[in-house]
Amino acid sequence: MTRKKIKSSSDLDKLRQKILAKRDPKIPCITVCAGTGCQAYGSENVVVALQEEVENQELGKVYIRVTGCHGFCERGPLVVIYPQGICYTEVKTEDVPDIVSQTVREGQIIDRLLYTEPNTGEKIVHESGIPFYKYQTRLLLENNLKIDPKNIEDYIALGGYSALAKALFEMTPEQVLEEVKKANLRGRGGGGFPAGRKWETTRNALGNPKYVIVNCDEGDPGAYMNRSLMEGNPHSVIEGLIIGAYAIGSPEGFIYVREEYPLAVENTSIALAQAREYGLLGKNIMGSGFDFAAKIHRSAGAFVSGESSALMTALEGKVGEPKPKYVHTAVEGLWGKPSNLNNVETWANVPLIITRGADWFTSIGTEGSKGTKIFSLVGKVKNTGLVEVPMGITLREIIYNIGGGILGNKKFKAVQTGGPSGGGIPESLIDTAIDFDELTKLGSMMGSGGMIVMDEATCMVDVAKYFVNFLVEESCGKCVPCREGLERMSEILTAICEGRGEEGDIKLLEELAEVMKDASLCGLGTTAPNPVLTTLRYFPDEYEAHIQEKRCPVHVCRALIGYYIDAGKCTGCLACLKACPEGAITGEKEEVHIINQEKCNKCGICYDSCKFDAVIIK
Amino acid sequence: MKRIKINGISVQVEDHWTLLEACKFYGIDIPTLCYYAGLSPGGLCRLCVVEIGKGERTNLVTSCNYPVEERLVVRTHSERVMRTRKMLVELLLARCPSSKTLQDFAAKMGVQGVRFRVKHETCILCGLCVRMCAEQMRARAIGFASRGKDRRVTPPFDIKSEECRTCGACLFICPVCQLRCQGPQSPNVVCGACMNIEPVCLEKHEDVRCYLDTCGLCFKGR
């Protein structure tokens with residue numbers, strides 16, 4: 001069946017009215033999060049169980065909506081039941097019959113499935129009451145809860161594509177451009193370059209056609225904000241892209257998505273097809289006379305392909321390696337044509353700016369950074385998940401109010417922002433208001449928004465080694481400072497962690513870092529030394545302990561620790577002896593055991609298995 | 001014509017020149033490894049970095065592919081530039097210690113030793129052979145494979161390429177495989193094998209290190 005295309009702005013309004021009229025708000029609607037986190041917890045089974053149960057119990061009309069990521073991945077699978085808005089966390093298939101019979105049918109609340117505030121023990125019914133959500137400003141993620149990403153009608157019902165209609169019928173491309181410039185929207189991919197200025201450069205550049213590109217090649221360890229937006233609300237990105245294309249005067253766009261994000265690829269493909277079907281994409285969009293085609297490109301998933309010039313070379317079908325950017329990609333990019341590349345989150349902000357205006361947008365955030373930013377809060381924090389906060393919020397608010405504090409009530413040590421190329425920020429700076437400029441001042445960066453929280457049991461040298469090793473694997477190897485420098489950096493850090501560190505290593509690391517920052521070809525190399533530089537800056541004593549005293553202060557680096565048995569505490573229970581995978585522990589029942597240091601591989605199982613704290617780490 | 005300032009001297013340059021071409025024209029020596037006049041600039045070895053801009057806002061850029069801009073202020077041998085070049089040579093030398101070209105650079109720049117583990121690789125991945133094969137020989141018989149530290153030059157799928165006419169252009173242009181240094185290879189030290197060829201002049205001229213480039217001083221010394 002070919003659908004009647006939307007031919008004007010009023011057609012869109014009519015369609016919206018029609019969709020809304022079809023939906024009775026009184027009919028119960030069960031939304032189940034099927035973001036990647038919740039899927040891993042088995043939300044797909046919950047959906048199937050719900051469908052069966054609703055049928056078995058003959059409830060009549062009940063909507064079951066499978067949505068994108070809600071954000072609170074720590075407590076998945078998440079189920080929200082409307083019209084009451086009851087939020088259940090950690091739902092299992094066994095809970096489904098109760099949910100259907102008690103909540104959906106009777107409207108009763110099942111206490112055991114509610115979120116319990118860990119400090120007060122209070123049960124919280126609504127999502128908005130859960131501290132994780134309460135302290136956020138959810139502009140982009142808000143709709144993830146409400147729409148089925150595979151159904152364009154959900155998006156249109158919430159006012160979707162009205163920004164596009166406004167741009168096409170009420171504004172000239174120049175006005176759209178001015179609005180985005182006035183909003184001071186800065187690139188969310190990490191660099192923070194003003195999107196409006198980039199658009200303008202592309203618009204004014206010579207050469208046709210011009211291209212617009214969505215960068216969804218997110219590859220930081222522990223970061224998944226782009227993925228969740230692309231999976232949960234692809235239309236918001238597509239709408240932003242079309243508006244951008246209109247402002248720039250581009251007839252063609254690409255959405256560059258990682259192959260490793262199959263759900264994002266699937267949902268985006270469906271969304272593009274639906275947008276075409278409704279006449280929101282393709283020739284003569286909404287009857288305005290503006291043509292724009294968009295295609296999805298599945299990337300081979302190299303970290304460096306997220307860099308703009310590397311992404312464009314990859315799009316051209318070549319090896320994804322960066323090129324020198326002395327002439328900007330906005331002037332000479334994809335196939336040598338002016339190309340405007342923005343991050344998923346940047347594009348998703350565009351419809352908001354057009355609908356609500358630049359003045360509204362600039363009212364959120366700090367002097368230099370406007371709007372909100374999505375962070376993926378992971379690591380040793382109680383509530384992990386995606387958080388959207390206004391720029392200028394402090395790290396303490398994110399970690400303690402939203403994140404609920406450190407796991408196991410341990411002491412906070414540092415937070416790594418900006419992924420592997422960012423830096424670790426220590427506790428003394430936790431009250432800094434974060435935006436693009438502040439984070440750069442601290443030696444870290446905004447990056448695409450990864451936020452890895454580390455507790456007191458983390459060795460910062462080990463952390464630096466981990467990130468450098470990640471980058472060694474991901475460096476394309478084109479230029480000398482990045483390829484050779486990173487490998488050498490990894491060698492030095494490994495030596496330090498294994499007790500082979502020498503006097504002068506720190507100076508050498510600093511020298512190397514400076515040259516890498518100065519001379520590398522692309523952003524990967526110039527930011528790669530950040531984890532080393534920030535840990536050197538904020539935790540110099542840890543490096544010194546490793547190098548001079550050959551000691552790891554937090555007992556993480558295996559080569560520098562040994563497990564011993566405290567003869568005074570050992571009861572001779574044989575627990576550690578049986579648990580040791582290497583057979584390194586000898587002893588008889590009720591006699592003090594001994595760990596053979598030569599056989600011990602320092603796995604720590606004996607430490608965990610001893611009930612009397614008799615195993616000690618030295 | 002554009003006006004730029006190189007090392008404090010105001011000069012006129014052709015519009016289409018790169019900074020390296022401008023510097024070469026005015027006789028300023030900038031070390032290069034992956035640059036060859038007949039090939040597209042690679043910008044990989046980064047040895048040709050120069051400092052542009054003035055005041056506190058200066059940047060390092062590779063001169064081989066940086067187009068000249070009106071009123072650009074360039075410093076080709078500033079402290080920051082030299083520090084960077086020295087580290088780059090040290091990194092390359094640690095990878096490929098037996099290369100004459102790298103030994104020469106090290107000697108000229110005063111790199112006295114290598115602080116990294118020496119690897120004894122044979123290729124510095126400058127990509128000259130790849131570009132030569134593609135751009136001048138029109139064969140595209142070799143290219144880069146793998147990523148990062150595993151990156152290497154090889155024919156596609158590591159099998160002898162049918163496109164290869166064994167013309168030898170890649171051998172001709174390779175900056176490291178010609179004249180391999182045969183000196184004693186003690187780890188982490190610039191080998192200084194050239195000292196066996198020419199009399200050591202270090203005693204007479206403190207700061208002058210003469211390696212394989214026979215410097216006029218050596219002859220004087222004799």
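### Structural notes on the overall build of chain B
Looking only at helices and strands, one finds 7 helices and 7 strands in chain B. The N-to-C order of helical and strand elements in chain B reads β-β-α-β-β-β-α-α-α-β-β-α-α-α. Here chain B holds 222 residues, and the buried ones make up 38% of them. For chain B, the proportion of contacts with a sequence separation of at least 24, taken over those separated by at least 6, is 53%.

### Topic: the overall build of chain A
For chain A, the helix and strand inventory stands at 25 helices and 19 strands. At 27 Å, chain A has a C-alpha radius of gyration in line with the 25 Å of a compact globule built from 618 residues. Within chain A, the fraction of its 618 residues that count as buried is 53%. Within chain A, counting contacts between residues at least 6 apart in sequence, those at least 24 apart form 71% of the total.

### Let's talk about the pairing of strand β3 (residues 49–52) of chain B
Residue and element names in this part refer to chain B. As paired strands, β3 and strand β4 (residues 59–62) are joined by 4 bridges and run antiparallel to one another. Looking at the pairing, V50 lines up with V61 of β4. As consecutive antiparallel partners, β3 and β4 are separated by 6 residues, and within that stretch G53 has a phi angle of approximately 95°, a positive value. Bridge count for β3 against strand β5 (residues 73–75) is 2 bridges, and the pairing is antiparallel. Across the sheet, I52 pairs through a bridge with V74, a residue of β5.

### Regarding the nonpolar core
Counting 224 residues, the largest nonpolar core has A:V79, A:V180, A:I242 and A:I243 as its most contacted members. Ranked by size, the runner-up nonpolar core spans 13 residues in total, among them A:A584, A:I585, A:I595 and A:C610.

### Quick notes on the domain arrangement of chain A
With domains assigned, chain A is organised as domain 1 (9–133), domain 2 (160–362), domain 3 (372–458), domain 4 (461–547) and domain 5 (562–617). When each unit is reduced to the centre of its C-alpha atoms, the spacing between domain 4 of chain A and domain 5 of chain A is 36 Å.

### Description of the sheet that holds strand β1 (residues 2–6) of chain B
Residue and element names in this part refer to chain B. In space, the 5 strands of this open sheet follow the order β2-β1-β5-β3-β4, with mixed pairing throughout. In this open sheet, the two strands that pair with only one neighbour each are β2 (9–13) and β4. Going across the sheet, the axis of each strand differs from the next one's by a mean of 40°, ignoring polarity. Relative to the sheet, helix α2 (residues 79–95) contacts β3, β4 and β5, its axis offset from that of β3 by approximately 155°.

### Here we look at the interface of chain B and chain A
Contacts between the two partners involve 26 residues from chain B, matched on the other side by 26 residues from chain A. Looking at the side of chain B that touches chain A, the elements with two or more residues in it are β4 and α2 of chain B. With 7 residues, α2(B) is the single largest residue contributor to the side of chain B that touches chain A. Looking at the side of chain B that touches chain A residue by residue, the class counts come to 13 nonpolar, 5 polar and 8 charged.

### Concerning the environment of A:P581
Positionally, A:P581 belongs in the loop between α24 (575–579) and β17 (585–586). C-alpha separation for the pair A:P581 and A:W199, spaced 382 residues apart in sequence, amounts to 60 Å.

### Remarks on the packing of helix α20 (residues 505–519) of chain A against helix α22 (residues 530–538) of chain A
All names here are of chain A. Taken N-terminus to C-terminus, the directions of α20 and α22 make an angle of 135°; their axes are 10 Å apart at the nearest point. It follows that α20 is oblique to α22 by the angle criterion. Considering the relative orientation of α20 and α22, their crossing is left-handed. Between α20, through I506, L509, E510 and A513, and α22, the contact on the second element is made entirely by V532, L533 and L536.

### A few points about helix α16 (residues 395–402) of chain A
Residue and element names in this part refer to chain A. For α16, the set of buried residues is L395, I398, I399 and I402. Viewed end-on, α16 has its buried residues packed into an arc of 115°, placing them on one side of the element. Next to the buried residues of α16 lie α5 (131–134), β11 (372–379), β12 (385–390), β13 (412–417), β14 (423–426) and β15 (450–455). At the C-terminal side of α16, G404 shows a positive phi close to 75°.

### Considering the packing of helix α18 (residues 460–474) of chain A against α22(A)
Residues and elements named next belong to chain A. The contact between α18 and α22 brings their axes to 8 Å, and the two run at 170°. As judged from the angle between their axes, α18 and α22 are roughly antiparallel. Contacts between α18 and α22 pair M460, V461, V463, A464, F467 and V468 from the former with P531, V532 and T535 from the latter. Broken down by class, the residue content of the contact of α18 with α22 amounts to 8 nonpolar, 1 polar and no charged.

### Some words on the sheet that holds strand β4 (residues 86–88) of chain A
All names here are of chain A. Sheet architecture is open: 4 strands sit in the order β2-β1-β3-β4, paired in mixed fashion. Each having just a single partner strand, β2 (63–67) and β4 make up the two edges of the open sheet. Here the strands of the sheet are splayed against their neighbours by 20° on average, with no regard to which way each runs. Along the sheet, helix α3 (residues 43–56) contacts β1 (29–33), β2 and β3 (79–82); its crossing angle with β1, the most-contacted strand, is approximately 160°.

### Focus: the pairing of β15(A)
Residue and element names in this part refer to chain A. With respect to burial, β15 is a largely interior element, 5 of its 6 residues being buried. Where β11 meets β15, 4 bridges bridge the pair, whose relative direction is parallel. Its bridge partner being in β15, S376 is matched across the sheet by G450. Relative to β15, β13 runs antiparallel, the two being bridged by 5 bridges. What sits directly across from Q416, in β15, is I452.

### Some points on unusual backbone geometry
All names here are of chain A. At the junction of Y82 and P83, the peptide bond is cis and its omega measures out at 10° in the coordinates. Mapped onto the fold, P83 is located in the loop between β3 and β4. Phi is positive for K550, close to 50°, though the residue is something other than glycine. If you trace the backbone, K550 turns up in the loop between α23 (540–547) and β16 (563–565). We classify K550 as partly exposed; it has 15 C-beta atoms within 10 Å. Within the chain, E590 stands out as a residue other than glycine whose phi angle is a positive 65°. Mapped onto the elements of the fold, E590 is located in the loop between β17 and β18 (594–595).

### What to know about the confidence of the model for chain B
All names here are of chain B. Mean pLDDT over chain B: 79, with 79% of residues reaching 70 or higher. At the level of individual helices and strands, chain B shows its lowest average pLDDT in helix α7 (residues 216–221), which scores 36, and its highest in β3, which scores 93. For the stretch residues 179–187, pLDDT sits under 50, and the model shows 21 contacts to residues farther than four places along the chain or on other chains. Of the two predicted TM-score estimates for the complex, the pTM is 0.87 and the ipTM is 0.85.

### Observations regarding the environment of A:R186
Residue and element names in this part refer to chain A. Relative to the assigned elements, R186 resides in the loop between α8 (173–183) and α9 (195–204). Here the alpha-carbon distance between R186 and R396, two residues 210 residues apart in the chain, equals 24 Å. Once residues within four sequence positions are removed from consideration, R186 is found in contact with G192, F193, P194, A195, S369 and F436.

About the cut-offs
- Residues numbered from 1 in each chain as written.
- Chains lettered and ligands numbered in written order.
- Predicted model: local features only at pLDDT ≥ 70, side-chain atom pairs only at ≥ 80, totals over all residues.
- Helix = DSSP H or I, 4+ residues; strand = E, 2+ residues; numbered from the N terminus.
- Buried ≥ 20, exposed ≤ 12 C-beta atoms within 10 Å, placed from the backbone.
- Contact = placed C-beta atoms within 7 Å.
- Rg over C-alpha atoms; globule rule 2.2 N^0.38 Å.
- Pairing = 2+ DSSP bridges.
- Core = buried A, V, L, I, M, F, W, Y, C linked by C-beta atoms within 7 Å.
- Domains from an automatic or database assignment.
- Axes fitted to C-alpha atoms, helices over the stretch in contact; angles between N-to-C directions.
- Nonpolar A, V, L, I, M, F, W, Y, C, P; charged D, E, K, R; others polar.
- Parallel < 35°, antiparallel > 145°, perpendicular 65-115°, else oblique.
- Left-handed = near helix turned anticlockwise from the far one by under 90°.
- Arc of directions from axis to C-beta.
- pLDDT = per-residue confidence, 0-100.

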